[in-house]
Amino acid sequence: MRNILSFLLLVFGSVSLFGQSTWSGQWNGNIAGTPSNLTLNQQGDQLKGTLDVGGYLYTVSGTTNTTTASGNVMDNNTQGTIPFQATLNQENIDFLFDGAQVGGQTFNIQFAK
């Protein structure tokens, strides 16, 4: 009986883990016609990573509550930041960059695995 219970916990526990989405990984997008790569690492509710827009690098940092995230993207050369809001939809991340807060425009970018 104990072996059966252990087996069921292992099977159902594994199924629930595979059903969860994660922010961690490599994501691909296109920003103003330039191929862009987003690399994220999620540890708990913390997100850290890099955004490479045709060789121009940005640092991404923020927090998440499973399917939504918010934080800042920092230009590694100028140290300027732009806030973002993001939504995770299993194989896609929809980013809303709030450029209006820094004198620019607000725009959406979708990244896919």
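Preceding block: the structure.
All values reported here derive from a predicted model rather than from experimental measurement. (Residues numbered from 1 in each chain as written. Predicted model: local features only at pLDDT ≥ 70, side-chain atom pairs only at ≥ 80, totals over all residues. Heavy atoms only, no water.)

### Some details on the nonpolar core
Line of reasoning, step 1. Counting 20 residues, the largest nonpolar core has L38, L51 and I93 as the members making the most contacts within it.
Line of reasoning, step 2. Per-element accounting of this core gives the leading share, 4 residues, to strand 6 (residues 81–89).
Line of reasoning, step 3. Dropping the residues within four chain positions of it, L51 is found in contact with I31, S36, N37, L38, Y56, L57, Y58, V60, V73, F97 and F111. (Core = buried A, V, L, I, M, F, W, Y, C linked by side-chain atoms within 4.5 Å. Buried < 20%, exposed > 50% of the residue type's maximum accessible area, 1.4 Å probe, protein only. Helix = DSSP H or I, 4+ residues; strand = E, 2+ residues; numbered from the N terminus. Contact = heavy atoms within 4.5 Å.)

### What about the side chain of D75?
Line of reasoning, step 1. With respect to the helices, strands and loops of the structure, D75 is situated in strand 5 (residues 68–75).
Line of reasoning, step 2. No salt bridge forms around the buried D75; measuring N to O, its nearest opposite-charge neighbour K48 is 18 Å away.
Line of reasoning, step 3. Within the local environment of D75, its side chain forms a polar contact with the side chain of Y56, the two groups lying 2.8 Å apart.
Line of reasoning, step 4. When near neighbours in sequence (up to four residues on either side) are disregarded, D75 contacts Y56, L57, Y58 and G80. (Lys, Arg positive; Asp, Glu negative; His and termini not counted. Salt bridge = Lys/Arg side-chain N within 4 Å of Asp/Glu carboxyl O. Polar contact = N/O pair within 3.5 Å; in protein donor to acceptor, adjacent residues only side chain to side chain.)

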